[in-house]
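Here's the letter readout for the chains.
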Amino acid sequence: MAVYTQVSAEALAAFLSRYECGELISAKGIAEGVENTNYLVDTTADRFILTLYEKRVAADDLPFFMALLEHLAAKGLNVPPAIKDRSGVAIQALEGRPACLIKFLSGVSVSHPTPTQAEAAGRAMAEMHAAVRDFTGMRDNSMGVASWRPLFERCGRSLDQIAPGLYDDLGHALDVVTAGWPDAGFDRIAIHADLFPDNVLMLGDTVSGLIDFYFASTDLRLYDLAIMHTAWSFDATGETYHAAIGDALIRGYESHFPLQPFERAAFDTLASGACIRFALSRAWDWLNTPADALVTRKDPLAYLRRLAHYNSSLVTHVQ
Ligand SMILES: Nc1ncnc2c1ncn2[C@@H]1O[C@H](COP(=O)(O)OP(=O)(O)O)[C@@H](O)[C@H]1O
Ligand SMILES: N[C@@H](CCOP(=O)(O)O)C(=O)O
């Protein structure tokens, strides 16, 4: 579920009256997603997404996200910009939360992508990276390499409650991966940083939308592809690597940005970093979300198994 904040019909009607968007017909809470509250809103004029930003999205970051979406949409990319009200304001408040009315994009996210779909998604990421070259906004990656050790330390020995040996494996992986983290010579741009299959909308083999830019930040361009590779190329448990999907993603991406030898050499380190990042954020949520909460906790170990694919020497304690 992802309806943390209930919006009353009266508050929604008053909110919509600020916009040139027709009269409210219906509003339904959207079950998918974990971070924010989302409603599907139908009016006499169109269909929209209403997003109320919950605890993980800082209100101060919204202008960066919205400027990035506006930049990409202006370049013709299928991303959902926030709609502005009659006074030109996009970022509002509703039921005590920051909120935006967002353009609805059609399409569905695929759970088991084919190589053709993965190639299209890799190409869509490359188009996004090409389109941000002249985007001037900057945001530090709050889930970037510098954040991993503090998060690891906050999880502490409780990691071993998830699986015996997880603390030692993640601690060792952090030492190795952060020591070898590439920097000089690598492009830094605005990246999506969470382009999982559920954040890519598709109609058949065509990408119809890239959504959920709320981890977008300034970081290594190739790290974005590495995150995508870890998210798309495995089964849900992280046990089985699907080479045809991983290769297709990279082939699609190379349509705009052929990987240079030094980038290929760093790819497994970047992907290992992505595995540590998602293993840690999932572990934190696992340890801090009550088992009976309405939100589904994601399995941190699915990311430890992926880590073993990119560097088997990093996972020695967890069975
Ligand atoms: N602009 C959009 N157009 C169509 N559907 C959307 C749009 N934004 C979000 N959704 C739907 O809402 C769901 C949750 O959105 P998402 O941004 O991933 O939420 P969260 O930030 O909570 O993870 C998506 O899986 C998708 O079904
Ligand atoms: N993709 C992350 C969690 C972030 O959730 P999202 O619904 O905002 O994409 C993960 O799988 O751990």
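Here, the structure is the one placed above.
Every value quoted in this text rests on a predicted model; they were computed, and no experiment measured them.

Concerning the overall build of the protein chain
1) Next: Secondary structure summary: the protein chain contains 10 helices and nine strands in total.
2) Next: Its C-alpha atoms put the protein chain at 60 × 45 × 35 Å along the principal axes.
3) Next: For the protein chain, the residues scored as buried account for 39% of the 319 residues in total.
4) Next: The long-range fraction of contacts in the protein chain, counting pairs at least 24 apart against all pairs at least 6 apart in sequence, stands at 71%.

Details of the packing of helix 6 (residues 166–179) against helix 9 (residues 261–288)
1) Next: Axis separation between helix 6 and helix 9 bottoms out at 10 Å; the angle between their running directions is 145°. Here helix 6 runs over helix 9; the crossing is left-handed. Only Thr269, Ser272, Gly273, Ile276, Ala279 and Leu280 of helix 9 make contact with helix 6, whose side of the interface consists of Leu170, Ala173, Leu174 and Val177.
2) Next: Each residue belonging to the contact of helix 6 with helix 9 can be placed in one class, and the counts come to seven nonpolar, three polar and no charged.

Section: the pairing of strand 3 (residues 47–52)
1) Next: In this structure, strand 2 (residues 37–43) lies alongside strand 3, joined through six bridges in antiparallel fashion. When the sheet's bridge partners are listed, Tyr39 is paired in strand 3 with Leu50.
2) Next: Two successive antiparallel strands, strand 2 and strand 3, enclose a turn made up of three residues.
3) Next: Here strand 3 pairs with strand 5 (residues 97–103) via five bridges, running antiparallel. Within the sheet, the bridge partner assigned to Thr51 lies in strand 5 and is Cys100.

Section: the site of ligand 1
1) Next: Ligand 1 sits among 20 residues. The nearest are Glu32, Gly33, Glu35, Pro80 and Asp212.
2) Next: A class-by-class count of the residues in the shell around ligand 1 yields 10 nonpolar, five polar and five charged.

As for the site of ligand 2
1) Next: In the neighbourhood of ligand 2, the contacting residues comprise Gly33, Val34, Glu35, Asp194, Phe196, Asp198, Asn199, Asp212, Phe278, Ser281, Arg282 and Lys298.
2) Next: Considered class by class, the residues forming the shell around ligand 2 number three nonpolar, three polar and six charged.

Quick word on the environment of Glu32
1) Next: Note on placement: Glu32 falls in the loop between strand 1 (24–29) and strand 2.
2) Next: For Glu32 and Ala2, which are 30 residues apart along the polypeptide, the C-alpha to C-alpha distance reads 6.2 Å.
3) Next: Those residues in contact with Glu32 that lie beyond four places of it in its chain are Ala2 and Asp198.

Let's talk about the sheet that holds strand 5
1) Next: If you walk across this open sheet you meet the five strands as 1-2-3-5-4, and the pairing is antiparallel. Pairing within the sheet leaves two strands with one partner each, and these edge strands are strand 1 and strand 4 (92–94). For this sheet, the mean inter-axis angle between neighbouring strands, taken without regard to orientation, is 35°.
2) Next: Both strand 1 and strand 2 contribute to a ladder of five bridges, which runs antiparallel. What sits directly across from Ala27, in strand 2, is Val41.
3) Next: This element, helix 1 (residues 9–16), spans strand 1, strand 2 and strand 4 of the sheet and lies at about 120° to strand 1.

So, unusual backbone geometry
Trans peptide bonds make up the majority, and among non-glycine residues the majority have a negative phi.
1) Next: Its identity is not glycine, yet Glu95 carries a phi of approximately 50°, on the positive side.
2) Next: Position of Glu95 relative to the elements: it lies in the loop between strand 4 and strand 5.
3) Next: A positive phi angle, close to 75°, is found at Ala193, a residue other than glycine.
4) Next: Here Ala193 lies in the loop between strand 6 (188–191) and strand 7 (200–203).
5) Next: Accessibility expressed as a C-beta count within 10 Å gives 23 for Ala193, which makes it buried.

Parameters at a glance
- Residue numbers restart at each chain and count upward from 1, following the sequence in its written direction.
- Written order determines the labels here, with chains lettered from A and ligands numbered from 1.
- Two thresholds apply to this predicted model, a pLDDT of at least 70 for residue-level local features and 80 or more for giving and counting side-chain atom pairs, whereas whole-chain, interface and lining totals are computed over all residues.
- Helix and strand labels come from DSSP, where a helix needs a run of H or I of at least four residues and a strand needs a run of E of at least two; each type is numbered from the N terminus.
- Each residue is classified by how many other C-beta atoms fall within 10 Å of its C-beta atom, where C-beta atoms are placed from the backbone; a count of 20 or more means buried, 12 or fewer means exposed, and values in between mean partly exposed.
- Distance between backbone-placed C-beta atoms decides contact: two residues are in contact if it is within 7 Å.
- Inter-axis angles, ranging from 0 to 180 degrees, are taken between N-to-C directions of lines fitted to C-alpha atoms, where helices are fitted over the stretch in contact.
- By convention the crossing between two helices is left-handed if the near helix lies anticlockwise of the far one by an angle smaller than a right angle, and right-handed if it lies clockwise.
- Gly is placed with the polar residues, together with every amino acid not listed as nonpolar (Ala, Val, Leu, Ile, Met, Phe, Trp, Tyr, Cys and Pro) or charged (Asp, Glu, Lys and Arg).
- One bridge is not enough; two strands pair if DSSP finds at least two bridges between them.
- Nearness here is judged by the C-beta atom: place it from the backbone, and if it falls within 6 Å of a molecule or strand, the residue counts as near that partner.

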